[in-house]
Amino acid sequence: MVREIKTNSRMRDCWDALNFVCCFEFWRMAVFWTLALVRSYLELSSRAFFYRIPHFYPRCSPPTLTSISETKAPTRPLCIITGATSGLGAASAHALSREGFYVVLAGRSSHLLSKTVEEIKKQDADAHLKAFQVDLSCFQSIINFKNAFERWLSNSNMHPSVQVLINNAGIFATSCRFTSEGYDQMMGTNYIGAFALTNLLLPLLRSSPVPSRIVNVTSFTHQCVSCTQVDEETLVGKYFSRSKQYRCAHIYEYSKFCLLLFSYELHRQLYLNDESHKVSVFAVDPGFVETNIMREVPSYLSQLALMVIRLLGLLQSPENGVESIVDATLAPPEASGEYFFGGRGRTVNSSELSYDPELAEKLWTSSYKLFMKSQLVSKDVS
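First, a word on what this report is: a plain description of the structure on this page. (Residues numbered from 1 in each chain as written. Predicted model: local features only at pLDDT ≥ 70, side-chain atom pairs only at ≥ 80, totals over all residues. Heavy atoms only, no water.)

What to know about the packing of aromatic side chains
Alright, step 1. One pass over the full model with this rule turns up 24 aromatic pairs.
Alright, step 2. Note on Phe195 and Trp364: the rings are 5.1 Å apart at their centroids and 65° apart in plane angle, and the pair reads as edge-to-face. A residue pair is termed long-range when its members are at least 10 positions apart, and Phe195 in helix H6 (residues 185-206) and Trp364 in helix H12 (residues 357-381) qualify at 169 residues.
Alright, step 3. One aromatic cluster is present, built from ring pairs that chain together Phe139, Tyr191, Phe195, Phe262, Trp364, Tyr368 and Phe371.
Alright, step 4. In this arrangement the basic side chain of Lys130 is found over the ring face of Phe132, its NZ or CZ atom lying 5.6 Å from the centre. (Phe/Tyr/Trp six-rings, centres within 6.5 Å; stacked < 30°, edge-to-face > 60°. Helix = DSSP H or I, 4+ residues; strand = E, 2+ residues; numbered from the N terminus. Lys NZ or Arg CZ within 6 Å of the ring centre and 35° of its normal.)

Observations concerning helix H8 (residues 248-272)
Alright, step 1. For H8, spanning 25 residues, the distance from its first C-alpha to its last is 35 Å, which sits close to the expected 36 Å at 1.5 Å a residue.
Alright, step 2. Of all 25 residues in H8, 22 are buried; the element is thus mostly enclosed. (Expected span 1.5 Å × (residues − 1). Buried < 20%, exposed > 50% of the residue type's maximum accessible area, 1.4 Å probe, protein only.)

What about the environment of Ser212?
Alright, step 1. Along the chain, Ser212 falls in strand E5 (residues 212-217).
Alright, step 2. For Ser212, a relative accessible area of 2% puts it in the buried group.
Alright, step 3. Setting aside residues no more than four positions away along its own chain, Ser212 makes contact with Val162, Gln163, Leu205, Lys278, Val279 and Ser280.
Alright, step 4. A distance of 2.8 Å separates the side chain of Ser212 from the backbone oxygen of Leu205, its partner in a polar contact. (Contact = heavy atoms within 4.5 Å. Polar contact = N/O pair within 3.5 Å; in protein donor to acceptor, adjacent residues only side chain to side chain.)

Observations regarding the sheet that holds E5
Alright, step 1. Ordered by their spatial adjacency, seven strands build an open sheet running E3-E2-E1-E4-E5-E6-E9, and the pairing between neighbours is parallel. In this open sheet, the two edge strands, each paired with only one partner strand, are strand E3 (129-133) and strand E9 (339-341). Pairs of neighbouring strands in the sheet enclose a mean axial angle of 20°, with direction left out of account.
Alright, step 2. Running at roughly 165° to strand E1 (residues 78-82), helix H3 (residues 87-98) makes contact with E1, strand E2 (102-107), E3 and strand E4 (164-167) of the sheet.
Alright, step 3. In this fold helix H5 (residues 139-155) packs onto E1, E2 and E3, with an angle of close to 150° to the strand it touches most, E3. (Pairing = 2+ DSSP bridges. Axes fitted to C-alpha atoms, helices over the stretch in contact; angles between N-to-C directions.)

Re unusual backbone geometry
Alright, step 1. Located in the positive-phi region is Arg344, a residue other than glycine, with phi close to 55°.
Alright, step 2. Examined against the element boundaries, Arg344 turns out to sit in the loop between E9 and H12.

Re a nonpolar patch on the surface
Alright, step 1. Judged by side-chain polarity, Phe24, Trp27, Val31, Phe32 and Leu35 come together as a nonpolar surface patch covering roughly 510 Å² of accessible area.
Alright, step 2. Of note, Trp27 is situated in helix H2 (residues 24-50). (Patch = residues over 30% accessible without salt bridge, like charges linked within 9 Å, V, L, I, M, F, W, Y side chains within 5 Å. Areas by Shrake-Rupley, 256 points an atom, 1.4 Å probe, with all protein chains shown as cover. Salt bridge = Lys/Arg side-chain N within 4 Å of Asp/Glu carboxyl O.)

What about the pairing of E4?
Alright, step 1. Neither face of E4 is open: one carries Val164 and Ile166, the other Leu165 and Asn167, and all of them are buried.
Alright, step 2. Examined bridge by bridge, E1 and E4 share three bridges and lie parallel to one another. From the neighbouring strand, Cys79 faces E4, where its bridge partner is Val164.
Alright, step 3. Strand direction decides the pairing type here: E4 and E5, joined by four bridges, are parallel. Across the sheet, Val164 pairs through a bridge with Arg213, a residue of E5.

What follows is the structure, encoded as structure tokens:
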């Protein structure tokens, strides 16, 4: 009986893999994504070869904040990490707690959050950690997180501000699913949720007594994007849903491209044009990291992809992939607007399209309209 169940399971896996191989999205991922990743590493190598002075930024020590109570010692800078239940998010929490940050872990699973906190505490009993449950694809969940976080912050002895926000949460979905607001779930999680959370936390970032920053974790797959539509219909995923087959690769690329455009627009608004409350903004590309983000891809294919990338020498563990995130978190504030890739403080250029200021401004306008609509819906529900 058990053998029969295993056989049937293998047959289903093989059938799922065969169906996925026959779709265009698979070949787009296999060919275009690999070429995009290789291009990034080639640019990294060419910079090292042609530049006499390597193009990198050194890491600085985290700033120390003065306690709001004169009887207490200075407090640690506060860093919020989304998607902190596993993979790069959990690795970032490990690394930044060691650097001296008070790390706030935000994720969908309370069980996995507790597990991550426990693992970090085992390695460092003095780590300062706090976990909050939040679903970045649901605006009401983001509101609840923001309110719970502010209550906790007001009851603590820490300065009522945030020093670092790392928008790391992301998913790769192979089937069409919608959020409670009617957005494509991948767009809602990877971009719209990050946009909403960032705007809600901006007052706390601006009120920081030391330079604060936003770190957006994007992807080399943004290079495959040629679509210049950034209207509301496209952002919520309706443009892509016109196809009979779910365009998972296209939507993932587009969501990461939007996050990158958003990063550069934030850099212009918060760092270049706001002299009173400068907030640095960084984009990070960790490369191809062995995480569970591809869990919806048929297992045979995901394992094959990992094997090929490993043979090319481009596969990284979360502990190595997190280096670029730590680089951006500890880079000097004047490095704002850079695209970190490859670790050791190194940067490269993103795609030419991602630097289009007019497109970024249009994206901001469309995103803000969605943000305001979601706020109104949230108020009606509550």
